[in-house]
Number of protein chains: 2
Amino acid sequence: MENVQFVDNISFLEPLPDELKEKLSKMVLTKNVAKGDVLFQENDIAETIFFVNNGKIKISKSSPGGKEIVLDIRKAGEIFPEVALFSKEETTYSASASVVEFGSISMIRKADLESILLQYPELFIFIFRTMAERLRLSQNTLQNVALYGKIGSLAFTLVRLCQDYGEVNEHGITIRLKLTHEDLGSFFGATRESVTRMMNQLKNRGIVSKENGYFTVHELDSLKFYID
Amino acid sequence: MENVQFVDNISFLEPLPDELKEKLSKMVLTKNVAKGDVLFQENDIAETIFFVNNGKIKISKSSPGGKEIVLDIRKAGEIFPEVALFSKEETTYSASASVVEFGSISMIRKADLESILLQYPELFIFIFRTMAERLRLSQNTLQNVALYGKIGSLAFTLVRLCQDYGEVNEHGITIRLKLTHEDLGSFFGATRESVTRMMNQLKNRGIVSKENGYFTVHELDSLKFYID
DNA sequence: GACGGGCAGTGATTTCAATCACTGCTGATG
DNA sequence: CATCAGCAGTGATTGAAATCACTGCCCGTC
């Protein structure tokens, strides 16, 4: 069954008693998604919560002028948007979600997941913690963008991506996400050209390099130096 | 009793059954605080959660260079830092808290409040919602700082302060918080001089004015125009 | 193997905001 | 009521990053 597979993909559901797992499985709808697919847009009514079984989902907000800020990229095993849980009827999503790497997602109605959470506080606590981490991240990013300049924000973003998507190897930490300079800039509001210039600095100092589309950080500590 | 008073001050505790209220009252310590008092610093071990009975508490992060970013100002009836609840042992506060308007606060051990929350899911949901709102706010601020310039951020900050601290009167909405230009700038990372120049623009256009230390917004819609 | 699209690199210029260096005002305090 | 501290206002200058306008490269595909 598709949906039995789903429960196994999402590790934090593991501690659930079999009975609840069964129940959950019946509540979700699983489907494949392709790069570029839009799961929801900012201001749509928030009725559905998503689990990522596979692939990568970009959570972002954009301005009428076409500029975009990426709040997060969710990967297998993660849930989004937790922020919509337990919100009032008619609350809207506060960001958009689109697929950046094809995969599979499972969808559940907000109210259904809420009732499961109330039956199983351990899960509720897990989601609470997840949201607390997002809040910390968002506030840290804000601090960087507001207090340190663009280079500080770039360094912060690279460190963060190393944590979430880093793969340690003999050269350092490789970020397992295909990213252009423009993509990087959209994490903190810098233009492609600015990112290019800043990355050249980092490259010349031997801190970062790029090979076939993936960035590798050679000196994580030097990056942290830029942050404070 | 001090602590019976405390429970009445915090409106979201109201739906609690008397028995739990009683229990809570025994767990909290209430004390008066004066302007400038520091309740905790970033990186202190997070063991205590606070309720504001009275007064205003500033939640902020600062840089080694002495610059500061204000994440929020909490007022009577609010709780902080929710983000620390259910965190692992030894987790530290991610921001500092200091008193900007004297008043009274009640303190409770993190673990004690957690156990109450688990016994009373309605409260847990309330806190969850509060945190979701903070996350939205933080992400919106980030969007503003990164995508719209400083004027956009200033406008956003004024709108936000109107919502949280606004008092509607014949002239418009007066923000019931004593704020200097420097204070305003610290919400989004601008210097005093920049805020002065931008505020002059807004003043000349009749959008905002300041009388004995309090800002009044005359045209909220014009401000929103700066945001998008 | 030629073509075209998407991304990176780079110089020149402009724009926005920080910084520096003052003056002026106001309200609290001895 | 004189003094002083803290905040606001303002011009000049500097600096960081955006914008504009290109060139060059790599890679997929026709």
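Residues numbered from 1 in each chain as written. Chains lettered and ligands numbered in written order. Predicted model: local features only at pLDDT ≥ 70, side-chain atom pairs only at ≥ 80, totals over all residues. Heavy atoms only, no water.

### Side note on the UniProt feature "domain: HTH crp-type" (unreviewed entry) in chain A
Quick reminder of the rule: UniProt positions are given in the numbering used here, feature names are shortened, and annotations may be inferred rather than shown by experiment. Here a helix means four or more residues in a row that DSSP labels H or I, a strand means two or more in a row labelled E, and each is numbered from the N terminus.
In the numbering used here, UniProt assigns the feature "domain: HTH crp-type" (unreviewed entry) to residues 148-221 of chain A. For residues 148-221 of chain A, helix accounts for 49% and strand for 22%, while the C-alpha atoms at its two ends are 17 Å apart.

### Focus: the protein's contact with DNA strand D
Rule in force here: Throughout this document, a residue counts as near a molecule or strand when at least one of its heavy atoms sits within 4 Å of that molecule or strand. In protein, a polar contact requires one atom able to donate a hydrogen and another able to accept it; more generally it is a pair of N or O atoms within 3.5 Å, and residues adjacent in sequence count only if both atoms are side-chain atoms. Amino acids outside the nonpolar list (Ala, Val, Leu, Ile, Met, Phe, Trp, Tyr, Cys, Pro) and the charged list (Asp, Glu, Lys, Arg) are all regarded as polar, and Gly is one of them.
Looking at DNA strand D, there are 17 residues lining it, with Lys150, Ser194 and Arg197 of chain A together with Arg192 and Lys210 of chain B nearest. Taken together, the sugar and phosphate atoms account for 57% of what DNA strand D places within 4 Å of the protein. Side-chain polar atom of Thr191 of chain A to a phosphate oxygen of DNA strand D: 3.2 Å apart, as the coordinates give it. His181 of chain B places a main-chain nitrogen or oxygen 3.0 Å from a phosphate oxygen of DNA strand D. Elements represented by at least two residues in the surface near DNA strand D include exactly α7 (192-204) of chain A together with α7 (192-204) of chain B. Its residues placed into classes, the surface near DNA strand D shows 1 nonpolar, 8 polar and 8 charged.

### Section: the sheet that holds strand β9 (residues 208-211) of chain B
Residues and elements named next belong to chain B. For clarity, the cut-off: In this description, strands pair whenever DSSP reports at least two bridges between them. As a rule, the C-alpha atoms of each element are fitted with a line to give its axis, helices using only the stretch in contact, and angles between N-to-C directions run from 0 to 180 degrees.
Strand order in the open sheet made by the 4 strands is β7-β8-β10-β9, with antiparallel pairing throughout. The sheet is open, and its two borders are formed by β7 (166-169) and β9, each paired with just one other strand. Along the sheet, successive strands turn relative to each other by an average axial angle of 30 degrees, direction set aside. Here β9 pairs with strand β10 (residues 214-217) via 4 bridges, running antiparallel. Along β10, the bridge assignment pairs Ser209 with Thr216.

### What to know about the UniProt feature "domain: Cyclic nucleotide-binding" (unreviewed entry) in chain A
Residues annotated in UniProt with the feature "domain: Cyclic nucleotide-binding" (unreviewed entry) correspond here to residues 12-134 of chain A. For residues 12-134 of chain A, helix accounts for 28% and strand for 37%, while the C-alpha atoms at its two ends are 17 Å apart.

### Observations concerning helix α5 (residues 150-165) of chain B
Quick reminder of the rule: Under the convention used throughout, the expected extent of a helix is 1.5 Å for every residue step, that is, one less than its residue count. Per-residue accessibility, obtained with a 1.4 Å probe over protein chains only, is compared with the maximum for each type, and a residue is labelled buried under 20%, exposed over 50%, and partly exposed between these values.
A rise of 1.5 Å per residue sets the reference length of α5 of chain B, with its 16 residues, at 22 Å; its end C-alpha atoms lie 22 Å apart and thus fit the reference within 8%. For α5 of chain B, the set of buried residues is Gly152, Ser153, Leu154, Ala155, Phe156, Thr157, Leu158, Val159, Arg160, Leu161, Cys162 and Tyr165 of chain B.

### Comments concerning the pairing of β7 of chain B
Residue and element names in this part refer to chain B. Judged from the 4 bridges that link them, β7 and strand β8 (residues 172-175) form a sheet pairing that is antiparallel. Bridge pairing links Gly166 to Ile175 in β8. A loop of 2 residues connects β7 with β8, the two strands running antiparallel in sequence.

### Details of the interface of chain A and chain B
Defined as follows: By definition, residues are in contact when any of their heavy atoms lie within 4.5 Å. Salt bridges are counted wherever a side-chain nitrogen of Lys or Arg sits within 4 Å of a carboxyl oxygen of Asp or Glu.
On the side of chain B, 43 residues touch chain A, which itself brings 43 residues to the contact. Inspection of the chain A/chain B interface yields 0 salt bridges. Connecting chain A to chain B are 11 residue pairs in polar contact (both at pLDDT 80 or more). Every element with two or more residues in the side of chain A that touches chain B is listed here: β3 (48-62), β4 (68-74) and α4 (121-147) of chain A.

### Section: the protein's contact with DNA strand C
Of all residues adjacent to DNA strand C, which total 17 residues, the nearest are Arg192 and Lys210 of chain A together with Lys150, Ser194 and Arg197 of chain B. Taking all atoms of DNA strand C within 4 Å of the protein, the share assigned to sugar and phosphate is 59%. Between a phosphate oxygen of DNA strand C and a side-chain N or O atom of Lys203 of chain A, the distance comes to 3.1 Å. Between DNA strand C and Thr191 of chain B, the relevant distance is 3.2 Å, taken from a phosphate oxygen to a side-chain nitrogen or oxygen of the residue. At the level of secondary structure, the elements contributing two or more residues to the surface near DNA strand C comprise α7 of chain A together with α7 of chain B. For the surface near DNA strand C, the element with the highest residue contribution is α7 of chain A, accounting for 6 residues. Class assignment for the residues of the surface near DNA strand C results in 1 nonpolar, 8 polar and 8 charged.

### Comments concerning the packing of aromatic side chains
The relative placement of two aromatic rings is captured by the distance of their centres and the angle of their planes. Heads up, the condition is: Classification of ring pairs rests on two measures: the distance between centres of Phe, Tyr or Trp rings, Trp counted by its six-membered ring, which must be within 6.5 Å, and the angle between planes, read as stacked under 30 degrees, edge-to-face over 60 and tilted in between. For a Lys NZ or an Arg CZ to count as sitting over a ring, it must be within 6 Å of the ring centre and within 35 degrees of the ring normal.
All chains considered together, the criterion is met by 23 aromatic pairs over all chains. Relative to Phe51 of chain B, the ring of Phe12 of chain B has its centre 6.3 Å away and its plane inclined at 35 degrees; by these criteria the two rings are tilted. A residue pair is termed long-range when its members are at least 10 positions apart, and Phe12 of chain B in the loop between α1 (2-9) and α2 (18-27) and Phe51 of chain B in strand β3 (residues 48-62) qualify at 39 residues. Given the relative accessible area of 8%, Phe12 of chain B is considered buried. For Phe51 of chain B, a relative accessible area of 0% gives the class buried. A connected cluster of aromatic rings, assembled from ring pairs, spans Phe86, Phe124 and Phe128 of chain A together with Phe86, Phe124 and Phe128 of chain B. In this structure, Lys75 of chain A is placed above the aromatic ring of Tyr165 of chain A, and the distance from its NZ or CZ to the ring centre is 4.7 Å.

### Regarding the pattern of salt bridges
Counted under the stated rule, the structure contains 24 salt bridges over all chains. Glu82 of chain A is the salt-bridge partner of Arg134 of chain A, the closest N and O atoms lying 3.4 Å from each other. Of this pair, Arg134 of chain A sits in helix α4 while Glu82 of chain A is found in the loop between β5 (79-80) and β6 (96-109), placing the two residues 52 residues apart along the sequence. In this pair, the class of Arg134 of chain A matches that of Glu82 of chain A, namely buried. Ionic pairing is found between Glu193 of chain B and Arg192 of chain B, a salt bridge with its closest N-O pair at 3.9 Å.

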